[in-house]
Amino acid sequence: MEKLLQSLLNNEKCASSLSNFNFEADCLKLLLSKLLGTLVILGSVLYKVPQIITICKKSSVEGLSALMFILEIYGQVITLGYNIRGGNPFSTYGEYVFMIVQNVIILLLFFIYSKNNDFVFSLSSIVFPVFFYFTVFDTIYVTEQVMKTLFALTVPIFIFSRVPQIIKNFSQGGVGALSFTTTFMQVAGSAARLFTTLQEVDDKLILFTTILAVGLNGILMLQIIYYDMIVGKKKSDTVTTAPSASSEASTPKKRKSVKTE
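Residues numbered from 1 in each chain as written. Predicted model: local features only at pLDDT ≥ 70, side-chain atom pairs only at ≥ 80, totals over all residues. Heavy atoms only, no water.

Comments concerning a nonpolar patch on the surface
Working step 1: Together, Phe180, Phe184, Leu222, Ile225, Tyr226, Met229 and Ile230 line one region of the surface with nonpolar side chains, adding up to about 650 Å² of accessible area.
Working step 2: At the level of secondary structure, the elements contributing two or more residues to the nonpolar patch comprise helix H9 (180–200) and helix H10 (204–250).
Working step 3: It is H10 that provides the largest number of residues to the nonpolar patch, a total of five residues.
Working step 4: Tracing the sequence through the fold places tyrosine 226 in helix H10. (Patch = residues over 30% accessible without salt bridge, like charges linked within 9 Å, V, L, I, M, F, W, Y side chains within 5 Å. Areas by Shrake-Rupley, 256 points an atom, 1.4 Å probe, with all protein chains shown as cover. Salt bridge = Lys/Arg side-chain N within 4 Å of Asp/Glu carboxyl O. Helix = DSSP H or I, 4+ residues; strand = E, 2+ residues; numbered from the N terminus.)

Written out as structure tokens, the structure reads:
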């Protein structure tokens with residue numbers, strides 16, 4: 001039991017304490033953080049799958065912002081590289097590995113279903129592998145200071161990856177092919193990641209970007225709830241009641257016969 005906890009927590013004191021049923025608050029928080037981190041990573045395997053399925057079912061990327069996914073994927077690569085180089089526990093950032101792969105698939109779907117993004121996709125497909133290698137593995141050109149600067153840029157990158165989609169939703173009065181399940185998982189995952197960051201990572205910039213993720217993903221979630229579940233329901237109710245109202249209007253009323261004495 002103690003060895004299992006040691007491998008999970010990477011903390012001898014807490015592993016020994018918990019294995020002896022001595023539930024100290026700090027150790028319980030660390031255990032909860034590790035469990036949440038593991039759940040986030042496991043959940044990230046399916047993070048974007050609902051979005052991918054939605055696009056494939058509709059054979060359309062209508063309503064989705066290509067810029068959101070392009071900026072998101074580059075921000076994720078920077079975050080992955082920053083955490084690897086910072087020596088942070090894998091449980092605090094592992095989901096980025098799977099999210100990058102799934103975002104690459106979504107960009108491929110953009111290339112298939114949208115004819116307006118050929119140039120953007122071509123440029124991204126050329127730049128991305130090079131960018132990924134240098135950000136994650138190269139320490140000669142991408143020094144520690146350069147890495148810190150790149151990570152600082154993830155704040156505006158993340159803002160610009162979400163804001164165009166948020167604005168687009170407002171302007172078109174709907175969320176298009178944006179997946180409820182994927183967005184919900186992003187909100188839940190970023191909220192859980194906020195807790196693990198507070199417990200295990202002493203980095204104010206990572207904390208700030210996590211809070212930002214919770215906020216912006218939350219706005220997208222609220223938009224889906226509003227446009228799909230509230231406005232959409234009202235529209236469907238209107239469509240349902242309209243024919244019955246018109247049929248009543250078109251049905252001639254029977255005239256009462258008047259008896260004459």
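Describing the side chain of serine 17
Working step 1: When you line up the elements, serine 17 lands in helix H2 (residues 12–19).
Working step 2: Those residues within four positions of serine 17 in sequence are excluded, and the remaining contacts are Asn22, Glu24 and Cys27. (Contact = heavy atoms within 4.5 Å.)

Regarding the packing of aromatic side chains
Working step 1: Here the structure, examined in full by the defined rule, presents 13 aromatic pairs.
Working step 2: Measuring from centroid to centroid gives 5.7 Å for phenylalanine 69 and phenylalanine 110, while their planes differ by 55°, and the two rings are tilted. Of this pair, phenylalanine 69 sits in helix H5 (residues 66–86) while phenylalanine 110 sits in helix H6 (residues 95–113), and the two are 41 residues apart along the sequence. Of the two residues, phenylalanine 69 and phenylalanine 110, neither departs from the other in class, the shared state being buried. (Phe/Tyr/Trp six-rings, centres within 6.5 Å; stacked < 30°, edge-to-face > 60°. Buried < 20%, exposed > 50% of the residue type's maximum accessible area, 1.4 Å probe, protein only.)

So, the UniProt feature "transmembrane region" (unreviewed entry) in the protein
Working step 1: Mapped onto the present numbering, the UniProt feature "transmembrane region" (unreviewed entry) falls at residues 30–49, 61–84, 96–113, 120–140 and 206–227.
Working step 2: Annotated as residues 96–113, this span is 100% helix and 0% strand, and its ends, taken at the C-alpha atoms, are 25 Å apart.
Working step 3: In residues 206–227, helix accounts for 100% and strand for 0%; the two terminal C-alpha atoms are 32 Å from one another. (UniProt positions renumbered as here; feature names shortened; annotations may be inferred.)

Quick word on the nonpolar core
Working step 1: Counting residues in hydrophobic clusters, the biggest one holds 35 residues, and the most contacted among them are Leu64, Phe69, Phe110 and Leu178.
Working step 2: Of all elements in the fold, only helix H4 (49–58), H5, H6, helix H7 (118–136), helix H8 (144–172) and H10 reach the threshold of two or more residues within this core.
Working step 3: Of the residues forming this core, the biggest block, eight residues, is contributed by H5.
Working step 4: Not counting residues within four places of it along the chain, the set of residues in contact with leucine 178 comprises Gln51, Leu64, Met68, Gln165, Asn169, Thr183, Leu220 and Ile224.
Working step 5: Membership of the second largest hydrophobic core comes to nine residues, among which are Met147, Leu150, Phe151 and Ile157. (Core = buried A, V, L, I, M, F, W, Y, C linked by side-chain atoms within 4.5 Å.)

Some thoughts on the state of the cysteines
Working step 1: Counted by the stated rule, this structure contains one disulfide.
Working step 2: A sulfur-sulfur distance of 2.2 Å marks the disulfide that ties cysteine 14 to cysteine 27. Judged by the sign of its S-S torsion, about -80°, the bond between cysteine 14 and cysteine 27 is left-handed. One end of the pair, cysteine 14, is in helix H2; the other, cysteine 27, is in helix H3 (residues 25–44), and 13 residues separate them in sequence. Per residue, the accessibility class of cysteine 14 equals that of cysteine 27, and both read buried. (Disulfide = S-S within 2.5 Å.)

Topic: the pattern of salt bridges
Should their charged atoms come close, side chains of opposite charge can pair.
Working step 1: Per the counting criterion, the structure on display carries five salt bridges.
Working step 2: In this structure, glutamate 72 and lysine 48 form a salt bridge, with 2.8 Å as the shortest nitrogen-oxygen distance. Here lysine 48 lies in the loop between H3 and H4 and glutamate 72 lies in helix H5, a separation of 24 residues in the sequence.
Working step 3: What makes glutamate 72 buried here is its relative accessible area of 5%.
Working step 4: On the accessibility criterion, lysine 48 (2% relative accessible area) is buried.

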